[in-house]
Amino acid sequence: KAQFKAKMADIGIAFDADVFRLTIAPLRLELKNATFNNRETGEKLFFIREAYLGLSVDDLYAWQLSRDITINTTDIRGAEVWIKFDAEGRSNFAGLKLVEEKPGRVNFRYESVVFSLHDSVVHFGDVSRKIAADANNVIFLLEPENLSVPDEQKRYKFDLTSTESKFVYDERALEPIDLRATGIADRSGAEITELHLTTPIGTTSLSGRISDWTNPTYDLNIESTIDLTQASSIFPLGTTIS
């Protein structure tokens with residue numbers, strides 16, 4: 001637990017949990033009512049009601065300064081995530097940094113993880129753009145397409161669902177919103193098999209390819225319908241819609 005909290009602190013996260021329990025057979029970490037806050041500002045980042053992480057340790061009995069723990073499976077239920085931007089465009093995640101592996105520390109490796117998220121909510125707010133949103137009933141599944149290939153070549157199947165969500169623009173609310181996205185992602189981009197968005201003002205379906213995460217380019221097939229009468233109740237008259 002001390003090593004885990006130290007790792008979070010290096011990233012810039014203040015971590016605490018009501019339950020932090022490690023079992024040996026099987027090797028599994030259990031978290032309950034875990035909070036992750038920005039260490040510098042105190043802003044909420046995310047909360048996890050309960051999580052179970054299946055672990056394995058490389059060279060468990062070898063004498064070495066560092067210890068690599070591989071997180072093989074992650075099952076999270078009841079997560080709540082906050083993504084906020086203030087009037088100056090500063091995010092509640094500002095100041096966080098990825099940390100390099102260090103000797104004398106426990107290093108957590110995620111390359112082969114099978115990840116599942118259920119019964120979760122994502123809150124989004126952008127003060128300068130007058131935008132707020134709540135993604136409700138979020139389910140997100142992620143797993144390697146082929147476990148036998150090297151980690152740097154792994155491709156990951158993903159499946160994302162959100163229902164009964166809400167979007168607010170300048171105090172005008174749009175709800176309910178449903179989203180479903182499936183596809184395969186890797187280090188270079190993602191192939192979107194299906195992304196379907198349903199709202200009271202219209203629907204959108206798209207598929208295609210996103211390339212280069214650092215400078216994304218898109219090649220997508222999109223079909224949309226929109227009810228202009230409904231849309232005018234959300235967006236001011238004269239707003240360009242494309």
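Before reading on, note that the structure itself is shown above.
Each value, and the rule that gives it
Residues numbered from 1 in each chain as written. Predicted model: local features only at pLDDT ≥ 70, side-chain atom pairs only at ≥ 80, totals over all residues. Heavy atoms only, no water. Phe/Tyr/Trp six-rings, centres within 6.5 Å; stacked < 30°, edge-to-face > 60°. Helix = DSSP H or I, 4+ residues; strand = E, 2+ residues; numbered from the N terminus. Buried < 20%, exposed > 50% of the residue type's maximum accessible area, 1.4 Å probe, protein only. Salt bridge = Lys/Arg side-chain N within 4 Å of Asp/Glu carboxyl O. 1 Å grid on protein atoms, 1.4 Å probe; cavity = no way out; pocket = protein on both sides within 12 Å on 5 of 7 lines; lining within 4 Å. Points joined across faces, edges and corners; volume = space filled by probe spheres on them. Nonpolar A, V, L, I, M, F, W, Y, C, P; charged D, E, K, R; others polar. Pairing = 2+ DSSP bridges.

Another aspect to go through is the packing of aromatic side chains. According to the stated counting rule, one finds seven aromatic pairs in the structure shown. Arranged with centres 5.1 Å apart and planes meeting at 50 degrees, the rings of Phe15 and Phe36 form a pair that is tilted. One end of the pair, Phe15, is in strand β1 (residues 13-23); the other, Phe36, is in strand β2 (residues 28-38), with 21 residues separating them in the sequence. Exposure remark for Phe15: the relative accessible area of 7% places this residue in the buried category.

Time to look at the pattern of salt bridges. For the structure on display, the rule yields 15 salt bridges. Where Lys32 meets Glu30, a salt bridge forms, and the shortest distance between an N and an O atom there is 3.6 Å. For Lys32, a relative accessible area of 31% puts it in the partly exposed group. The shortest N-O distance in the salt bridge between Arg155 and Glu191 comes to 3.1 Å. Of this pair, Arg155 sits in the loop between β7 (131-144) and β8 (156-169) while Glu191 sits in strand β10 (residues 189-199), placing them 36 residues apart in sequence. In this structure Glu191 comes out as partly exposed when scored by relative accessible area, which is 37%. Salt bridges here are not isolated pairs; linked through shared partners, they connect Glu145, Arg155, Asp186, Glu191 and Arg209.

The calculated volume of the largest pocket comes to roughly 1,000 Å³. Along the walls of the largest pocket sit 35 residues, with Met8, Ile11, Phe46, Ile71 and Tyr110 positioned nearest its centre. Here the lining of the largest pocket gets six residues from one element, more than from any other, and that element is strand β4 (residues 67-85). A breakdown of the residues in the lining of the largest pocket according to their chemical character gives 26 nonpolar, three polar and six charged. The volume enclosed by the second largest pocket comes to roughly 500 Å³. Lining of the second largest pocket is provided by 21 residues; of these, Ala135, Leu160, Ser162, Leu179 and Leu197 occupy positions nearest its centre. Looking at the lining of the second largest pocket, the elements that each hand over two or more residues are β6 (114-126), β7, β8, β9 (172-185) and β10.

Turning to the pairing of strand β3 (residues 44-57), a few remarks are in order. In the sheet, β2 pairs with β3 via nine bridges, with the strands oriented antiparallel. The partner of Arg28 across the bridge, within β3, is Gly54. The antiparallel pairing of β2 with β3 creates a hairpin that spans five residues between the two strands, and Gly42 there sits at a positive phi of about 80 degrees. When β3 meets β4, the two strands line up antiparallel, connected through eleven bridges. Residue pairing for β4: Ser56 is matched across the bridge by Thr70.

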